[in-house]
Amino acid sequence: MSQLDSLNDQLNTQFTVFEQHIQQAISLISGQTPVAIGPQGSTGSTGQAGPQGPTGFTGPIGPSGGPIGPTGFTGPTGSIGLQGATGFTGNGITGFTGPTGTKGEPGTTGFTGGGYTGSTGPTGTKGETGFSGTTGFTGSTGPTGTPGIIGTTGFTGATGDTGATGPTGTQGTAGTTGFTGQQGISFNWKGIYNPLLTYNANDVVLINGSSYIIAQGVPAPYSITTLAGRVGQAGQINEASGLLSTFSTPVGSVVDTSGNIYIADSLNNVIRRVSTSTGATVTIAGGGSISGGIPAGLDASGNPRYLNGTDLRATFNVPYGLALDTSGNLFVADRGNHSIRKIVLLTGEVTTLAGSGFSGSNDGLGVAASFNKPSGLLMTTGGILFVCDTDNNKIRQIDALGNVTTVAGKQTSGYVDVSAGTTLLNAQFNNPIGITMDLNGNIYVADTKNNVIRQITPGFSSINTFVGNKSIINGNVVGVSGHNDGVGFQASFNLPYFLVCDRYNNIFVTDLGNNCIRQITQSKLVVTIAGSIANAPDPYNRGYIDATGLDASVFAKFFKPIGLTINENGILYITDSGNQLIR
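No experiment lies behind these values; they were computed from the predicted model shown.

Caption draft 1: The arrangement of the overall build of the protein chain in detail. Looking only at helices and strands, the protein chain has 2 helices and 34 strands in total. When each of the 583 residues of the protein chain is scored for burial, the buried share is 47%. Contacts in the protein chain between residues at least 24 apart in sequence constitute 52% of all its contacts with a sequence separation of at least 6. Total accessible area on the protein chain is roughly 28500 Å²; 54% of this is exposed by carbon and sulfur atoms.

Below, the structure is given as structure tokens:
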């Protein structure tokens, strides 16, 4: 039986009951009997919602290169299911009020009729509205019809082809202007080099296929020879003949006025002395090979990190830069112990001038101060010792009493020059290693990982870039590595390490990554005086060859030159660390 047939049966039944109640009401009215109000019939149930129609198909793909295809038509909404007929209201009729008795008591209220609650019909066509019966009790709400089935979603139309490209955006703002290069100088081409001719400054000559700029009127006849060490052999052998001695990565060096060179033999952790005339070698301090050293620094467990003491009783941990004062004291940057040590050459006594033995960056007196891998040292005639505190990216100062103060740089590595009137503590370096001073009081720093040479003007008034290539990337100044000779910013370096200045204010630099020795004049002219710059950088030009004459810069070869020092006669001494030699 369908839902509609069932509904019709229910309606017929209710009409029959309703007619019976009408007859009873008429009988009661004719007898003048009070009639109670019957209860209200219950509301019929809501019919079920019809199923939703399917969503229409999406429109077809637009042609290639054309506009985006139209969106597919949405399918029609499914018809709403037929609403079930409203159930008949209960058929209790309102009873008539009894007549008022003559001056008698009011008539009693009629009984409430017992109308039935109509049941909710199923969803279908709307039934006819039943006759309103007398107000009776409210019928209970019929159950809610079941929702119709939702129609299936139509297929999505295929995506149309990409539309035409939009117009080009407006041009962005111009970037900041780069540094203005220094004004170039004029050069004079003189052809193939002839040692019998006299040349003028800035003459250009050809030597073995490479062009070279004459830095002085008569080029110096450079000669590169080996003073001590065995090529490529690491060791710690002292011999009267320098060529029989051995070293293990010699680093810092400094020469005195008596013909002695002091060498920081870094991986042997000792200080050596080499005669400039014979190459004879002797160990003067370090190694701890003799007992009796005095603990100068303790580790977390209270064990000695290193020892003070006389000569071989003392210990070092990767000694690096060296400096001499006028009183016969040798100062050592004890890199691995983060300290500055002092050796009295007359007695061999080794003490700690400054540094706690632990890495840090505190200023203070003596061992209350701290360093982080100090490297290069510079002793002034006034007794002030300057330190390249490499991993702290700072330049530190130690006075005669051992007070340590920071004079330039900050903890964070970077590349920032500062002008006069600005604190030098705002300057930034990137692993400064070498340091020297000219006769005018200018300090020069090998800013190693920035690949430039920085200048600190007298009185610590400013810091600027003296020579070396730099650029601006993303708004930040960065050094640019290379192997070019030239003037000022035209020249380039590849990990400049140690520096030394002669009595003519020429600065000499060990260019580690290029395996070369470079010279810088006060006019900022950079030339290569030893090592094959044309084949740089390392490893392409590393090697070991001594050479003589102007063409030493073509034929001579080094392997990781690090330290250098110069005597009063202008002779350079170089620690050729990769070759384990003193040149």
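Caption draft 2: Expanded view of the sheet that holds strand S32 (residues 561-566). With antiparallel pairing, the 3 strands of this open sheet are ordered in space as S32-S33-S34. Each having just a single partner strand, S32 and strand S34 (581-582) make up the two edges of the open sheet. Bridging between strand S33 (residues 572-576) and S34 involves 2 bridges; their strand directions are antiparallel. Bridged to aspartate 576 within S34 is leucine 581.

Caption draft 3: Looking closely at the pairing of strand S11 (residues 319-324). S11 sits mainly inside the fold: 6 of its 6 residues count as buried. Direction of pairing for S11 relative to strand S12 (residues 329-334): antiparallel, over a ladder of 4 bridges. For alanine 323, the partnering residue across the bridge sits in S12 and is phenylalanine 331. The hairpin formed by S11 and S12 contains 4 residues between the paired strands, and glycine 328 there has a positive phi angle of roughly 85 degrees.

Caption draft 4: Molecular detail of the side chain of arginine 272. Along the chain, arginine 272 turns up in strand S7 (residues 270-275). By relative accessible area, which is 0% here, arginine 272 ends up buried. Among the polar contacts made by the side chain of arginine 272, one reaches the side chain of asparagine 238 at a distance of 2.8 Å. Within the local environment of arginine 272, its side chain forms a polar contact with the side chain of aspartate 265, the two groups lying 2.5 Å apart.

Caption draft 5: View of the pattern of salt bridges. In this structure the tally under the stated criterion is 14 salt bridges. Between aspartate 311 and arginine 313 there is a salt bridge, and its shortest N-O distance comes to 3.4 Å. Residue classification places aspartate 311 among the partly exposed residues on the basis of a relative accessible area of 23%. Its salt-bridge partner being aspartate 334, residue arginine 341 comes within 2.7 Å of it at the nearest N-O pair. With respect to class, arginine 341 is no different from aspartate 334; both count as buried. Members of the salt-bridge network, linked through shared partners, are Asp417, Asp447, Arg454 and Lys470.

Caption draft 6: Quick peek at the side chain of arginine 341. Among the secondary structure elements, arginine 341 is positioned in strand S13 (residues 339-344). A polar atom in the side chain of arginine 341 sits 3.0 Å from the side chain of asparagine 308. A distance of 3.4 Å separates a polar atom in the side chain of arginine 341 from a polar atom in the side chain of threonine 352.

Caption draft 7: Structural view of the nonpolar core. By size, the foremost hydrophobic cluster in this structure holds 23 residues, and its most contacted members are Phe498 and Leu572. Those elements giving two or more residues to this core turn out to be strand S27 (496-501), strand S30 (525-530), S32 and S33. No other element matches S30, which puts 4 residues into this core. Those residues in contact with phenylalanine 498 that sit more than four places away from it in its chain are Val251, Tyr320, Gly321, Gly376, Ile433, Gly434, Phe508, Val509, Thr510, Ile562, Gly563 and Leu564.

Caption draft 8: Representation of the sheet that holds strand S5 (residues 250-255) in the model. In space, the 4 strands of this open sheet follow the order S5-S6-S7-S8, with antiparallel pairing throughout. A strand with exactly one partner marks an edge of an open sheet, and here the two such strands are S5 and strand S8 (281-286). Averaged over all neighbouring strand pairs, the angle between strand axes comes to 25 degrees, with direction disregarded.

Caption draft 9: Looking closely at the environment of isoleucine 574. Turning to its location among the elements, isoleucine 574 is positioned in strand S33. As a C-alpha pair, isoleucine 574 and valine 251 span 323 residues in sequence and 8.9 Å in three-dimensional space. Ignoring any residue separated from it by four or fewer positions in sequence, one finds isoleucine 574 in contact with Thr510, Ile517, Phe558, Pro561, Gly563, Leu564, Leu581, Ile582 and Arg583.

Caption draft 10: A look at the packing of aromatic side chains. Summed over the entire model, instances satisfying the criterion amount to 3 aromatic pairs. Ring geometry for tyrosine 320 and phenylalanine 498: centres 6.2 Å apart, planes at 35 degrees, overall tilted. Of this pair, tyrosine 320 sits in strand S11 while phenylalanine 498 sits in strand S27, and the two are 178 residues apart along the sequence. Plain terms: the ring middles of phenylalanine 386 and phenylalanine 460 are 5.6 Å apart, the flat faces sit at 45 degrees to each other, and that makes the pair tilted. Taken together, the positions of phenylalanine 386 in strand S17 (residues 385-389) and phenylalanine 460 in the loop between strand S22 (452-456) and strand S23 (463-467) put the pair 74 residues apart, joining distant regions of the chain. Note on phenylalanine 460: relative accessible area 28%, which makes it partly exposed. The ring of phenylalanine 358 is capped by arginine 305, whose NZ or CZ atom sits 4.6 Å from the centre of that ring. Just above the ring of phenylalanine 429 sits the side chain of arginine 454; from NZ or CZ to the centre is 4.8 Å.

Caption draft 11: Expanded view of the confidence of the model for the protein chain. Mean pLDDT for the protein chain: 80, with 66% of residues reaching 70 or above. Taken as a whole, residues 28-41 scores under 50 in pLDDT and shows 63 contacts with residues more than four places along the chain or in a different chain. Here residues 78-102 is modelled with pLDDT under 50, and outside its nearest four sequence neighbours on either side it reaches 84 contacts, counting other chains as well.

Caption draft 12: Examining unusual backbone geometry more closely. Here the amide bond leading from alanine 536 into proline 537 is cis, since omega sits at 5 degrees, within 30 degrees of zero. Mapped onto the elements of the fold, proline 537 is located in the loop between S30 and strand S31 (547-548). In this model, aspartate 538 is joined to proline 539 through a cis peptide bond whose omega is 10 degrees. Mapped onto the secondary structure, proline 539 falls in the loop between S30 and S31. At asparagine 269, a residue that is not glycine, the phi angle is positive and equals roughly 60 degrees. With respect to the helices and strands, asparagine 269 occurs in the loop between strand S6 (260-265) and S7. By relative accessible area, asparagine 269 is classed as partly exposed at 22%. In the Ramachandran plot, asparagine 451 falls in the positive-phi region, its phi being about 60 degrees despite a non-glycine side chain. With respect to the helices and strands, asparagine 451 occurs in the loop between strand S21 (443-447) and S22.

About the criteria used
- Residues numbered from 1 in each chain as written.
- Predicted model: local features only at pLDDT ≥ 70, side-chain atom pairs only at ≥ 80, totals over all residues.
- Heavy atoms only, no water.
- Helix = DSSP H or I, 4+ residues; strand = E, 2+ residues; numbered from the N terminus.
- Buried < 20%, exposed > 50% of the residue type's maximum accessible area, 1.4 Å probe, protein only.
- Contact = heavy atoms within 4.5 Å.
- Areas by Shrake-Rupley, 256 points an atom, 1.4 Å probe, with all protein chains shown as cover.
- Pairing = 2+ DSSP bridges.
- Polar contact = N/O pair within 3.5 Å; in protein donor to acceptor, adjacent residues only side chain to side chain.
- Salt bridge = Lys/Arg side-chain N within 4 Å of Asp/Glu carboxyl O.
- Core = buried A, V, L, I, M, F, W, Y, C linked by side-chain atoms within 4.5 Å.
- Axes fitted to C-alpha atoms, helices over the stretch in contact; angles between N-to-C directions.
- Phe/Tyr/Trp six-rings, centres within 6.5 Å; stacked < 30°, edge-to-face > 60°.
- Lys NZ or Arg CZ within 6 Å of the ring centre and 35° of its normal.
- pLDDT = per-residue confidence, 0-100.

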